[in-house]
Amino acid sequence: MSIIVNDTIAAIATAAGQGGIGIIRLSGPAAIDIADKIFKGNKGARLAGRKSHSFLLGTVCDPADGTDVDEVLVAVMRAPGTYTREDVVEINCHGGVVALQKTLNLVCAAGARPAAPGEFTMRAFLNGRLDLAQAEAVIDIINSQTEAQLKVAVAQLEGGLSQKIRRISDVLIAALAQLEAAVDFSDEDIEVLPVDDLSHMLREANAELKALGETSNRGRILREGIDTAIVGLPNVGKSSLLNALLGEERAIVTAVPGTTRDVIEEAISVKGVPLRIKDTAGIRHSVDEVEIIGVELSRKTIKTATLVLCVIDGSRPISAEDIALVEEIKSEPAVLVVNKADLPEDKSVAGLELPQNFKAQVRVSALTGAGIEELETSIEKLFFAGDIDMSDRTLITNARHTQLIERAVDATREAFELLEASMPEEVVSTVLKDVLSDLGEITGETVSEDILGRIFSQFCIGK
Ligand SMILES: Nc1nc2c(ncn2[C@@H]2O[C@H](COP(=O)(O)OP(=O)(O)OP(=O)(O)O)[C@@H](O)[C@H]2O)c(=O)[nH]1
Ligand SMILES: [Mg+2]
């Protein structure tokens, strides 16, 4: 890695807009000197010479004309015990946008350079405080919208993924060493592991990579939300259910069948499980042009959904259309939601036969909210039951990782196949070197500058 950083960067580290406080962060060798140029400490206190992790109260002051900009609390943190492993100064201003921007302008006039997106985290990576997978986890933490997403990102930040990758790489390096020895010393009489043992090592590594790759789908789900469709005949209470789950009146509810025409999509978190939930038009034969299009859209939504909540009106007799719809739903898992539980249940409901892909049945009243909690619990259970084991949080949440791991899975398979087919050691070791380089790209050991640039540009400025 040839990126050299020796200048001092600065950015507003807090979210834009009005807030209780706002923070200007500086990082680099001149951070403390630069901050001192615009800081007037109470009783003449200076930042220079302060111990690491000390706080000083004072004012930011424009050195050009001596005017005060804001009253601030400044934190001095010295290398290497900081986020970037460089000297860091954080100026805690009052939250106003104007004071923050003015302070940032002053530190830049005093010698700092405005930071690019993700540059603080990039420095943490370049200075060896975080590996690349951990740095990427920082992006995920910032972007987390649910508790489950946050848990996965935090686990990755703690280095769970990198550790696994390194363990696998160690095995591959050991195998590679054996192969290289066999090539280099082929004339001499040295002990090399038998082919069986080597191929066993490669097969194990391949299996572990595969297992890691298989978590990527779950990881993706966590980032993007489970595609969930609410479907049913007109007037059964689909829109009411969406509103009950959201806790707000998002979709129009009326007693007129055929109210919803378009697909309405919302992101919600059900007990930490992220859903992208879609309310659809009630499915029925219609002659109304708009409604026909709506019904077509509903059918498409059923087909593409990962989870289907099939709603029926429990107060009315089960109709042939209800039965046809239940059979049309092929996605797994599906949940039967028997709505209008506040009304007496029709006796035909108990007789409704459900196909295998229906994993749960819940009685709710979207009107009173009764049973909604049970519905949420059953969604949570479906998600976590064996499908997602949160105790092993090393989920590949990142498309870049997924791609590299998939490549490594294929290449390790190729390696043991070549070995078992008695191909020359050189051929196998070339394949293994490629695998190691792919895996190194996950942790950042072999990653190119160009890829780094792309990764860190996903960050917000100030992180
Ligand atoms: N008693 C009772 N009425 C409900 C319940 N849920 C919905 N309703 C009523 O049923 C009617 C239809 O509700 P919607 O939520 O619009 O039904 P929908 O399935 O979205 O209907 P379409 O959009 O026309 O397909 C409204 O009058 C609601 O007030 C419930 O749990 N109990
Ligand atoms: Mg509706």
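Residues numbered from 1 in each chain as written. Chains lettered and ligands numbered in written order. Predicted model: local features only at pLDDT ≥ 70, side-chain atom pairs only at ≥ 80, totals over all residues. Heavy atoms only, no water.

Caption draft 1: Structural context of the state of the cysteines. Per the counting criterion, the structure on display carries 0 disulfides. Summary of cysteine pairing: C108 is not part of a disulfide, and the nearest cysteine sulfur, belonging to C93, is at 13 Å. Judged by relative accessible area, which is 21%, C108 ranks as partly exposed. (Disulfide = S-S within 2.5 Å. Buried < 20%, exposed > 50% of the residue type's maximum accessible area, 1.4 Å probe, protein only.)

Caption draft 2: Region of the structure containing the packing of helix α6 (residues 160–184) against helix α13 (residues 425–443). Contact pair α6 / α13: the axes reach a minimum separation of 9 Å and the direction vectors enclose 160°. As far as their axial angle goes, α13 and α6 are roughly antiparallel. Both α6 and α13 take part in a crossing whose hand is left-handed. For the contact of α6 with α13, the class distribution of residues is 16 nonpolar, 4 polar and 5 charged. (Axes fitted to C-alpha atoms, helices over the stretch in contact; angles between N-to-C directions. Helix = DSSP H or I, 4+ residues; strand = E, 2+ residues; numbered from the N terminus. Parallel < 35°, antiparallel > 145°, perpendicular 65-115°, else oblique. Left-handed = near helix turned anticlockwise from the far one by under 90°. Nonpolar A, V, L, I, M, F, W, Y, C, P; charged D, E, K, R; others polar.)

Caption draft 3: How the structure looks around the coordination of the magnesium ion (ligand 2). Donor atoms from the polypeptide that bind the magnesium ion (ligand 2) are S239 (OG) and T260 (OG1), placed at 2.0 Å. Taken together, the positions of S239 in helix α8 (residues 238–246) and T260 in the loop between α8 and β9 (264–270) put the pair 21 residues apart, joining distant regions of the chain. Summarising the burial analysis for this pair, S239 and T260 share the class buried. (Donors = N, O, S within 2.8 Å, 3.2 Å for Na, K, Ca; no water.)

Caption draft 4: Region of the structure containing the UniProt feature "binding site: (6S)-5-formyl-5,6,7,8-tetrahydrofolate" (unreviewed entry) in the protein chain. The feature "binding site: (6S)-5-formyl-5,6,7,8-tetrahydrofolate" (unreviewed entry), as annotated in UniProt, sits at R25, E90, R129 and K463 in this numbering. You can see R25 is positioned in strand β2 (residues 21–27). Given the relative accessible area of 10%, R25 is considered buried. Other than its neighbours up to four places away in sequence, R25 contacts I9, A10, A11, A13, Y83, V88, V89, E90, F120, G462 and K463. With residues up to four places along the chain from it excluded, the contact list for K463 reads R25, Y83, G118, E119, F120, T121, V138 and I142. (UniProt positions renumbered as here; feature names shortened; annotations may be inferred. Contact = heavy atoms within 4.5 Å.)

Caption draft 5: Main features of a nonpolar patch on the surface. On the surface, F55, L57 and L73 cluster together to form a nonpolar patch covering roughly 290 Å² of accessible area. Looking at the element boundaries, L57 is found in strand β4 (residues 54–61). (Patch = residues over 30% accessible without salt bridge, like charges linked within 9 Å, V, L, I, M, F, W, Y side chains within 5 Å. Areas by Shrake-Rupley, 256 points an atom, 1.4 Å probe, with all protein chains shown as cover. Salt bridge = Lys/Arg side-chain N within 4 Å of Asp/Glu carboxyl O.)

Caption draft 6: Examining the nonpolar core more closely. Among the nonpolar cores identified, the biggest contains 47 residues, and L241, L309, I329, V335 and L375 are the most heavily contacted of them. At 6 residues, the largest contribution of residues to this core is made by strand β11 (residues 307–313). Not counting chain neighbours up to four residues away, the residues in contact with V335 comprise L307, V308, L309, C310, F358, A360, V362, L375 and L382. Residues L161, A175, L212 and L404 belong to the second largest nonpolar core, which totals 30 residues. (Core = buried A, V, L, I, M, F, W, Y, C linked by side-chain atoms within 4.5 Å.)

Caption draft 7: The arrangement of the layout of surface pockets in detail. Estimated volume of the largest pocket: approximately 450 Å³. What lines the largest pocket is a set of 29 residues, and nearest its centre among them are N235, G237, S240, V253 and T254. By residue number, the principal contributor to the lining of the largest pocket is α8, which donates 5 residues. Of the residues in the lining of the largest pocket, the class split is 12 nonpolar, 13 polar and 4 charged. (1 Å grid on protein atoms, 1.4 Å probe; cavity = no way out; pocket = protein on both sides within 12 Å on 5 of 7 lines; lining within 4 Å. Points joined across faces, edges and corners; volume = space filled by probe spheres on them.)

Caption draft 8: Seen up close, the site of ligand 1. Contacts to ligand 1 come from 23 residues, most closely from K238, S240, G258, T259 and D342. The contact in question runs from an oxygen atom of ligand 1 to an N or O atom on the side chain of K238, over 2.7 Å. S365 is positioned with one of its side-chain polar atoms (N or O) 3.1 Å from an oxygen atom of ligand 1. When ligand 1 is considered free in solution it has 650 Å² of accessible area, and contact with the protein chains removes 90% of it. Here ligand 1 occupies the largest pocket. At 3 residues, α8 tops the list of elements feeding residues into the shell around ligand 1. When its residues are assigned to classes, the shell around ligand 1 shows 9 nonpolar, 11 polar and 3 charged. (Near = heavy atom within 4 Å. Polar contact = N/O pair within 3.5 Å; in protein donor to acceptor, adjacent residues only side chain to side chain. Sits in = over half its atoms within 2 Å of the grid points.)

Caption draft 9: Quick peek at α6. For α6, which comprises 25 residues, the first-to-last C-alpha distance of 36 Å matches the rise-based estimate of 36 Å (1.5 Å per residue) to within 8%. Of all the residues in α6, the buried ones are L161, S162, I165, I168, S169, L172, A175, L176, L179, A181 and A182. (Expected span 1.5 Å × (residues − 1).)

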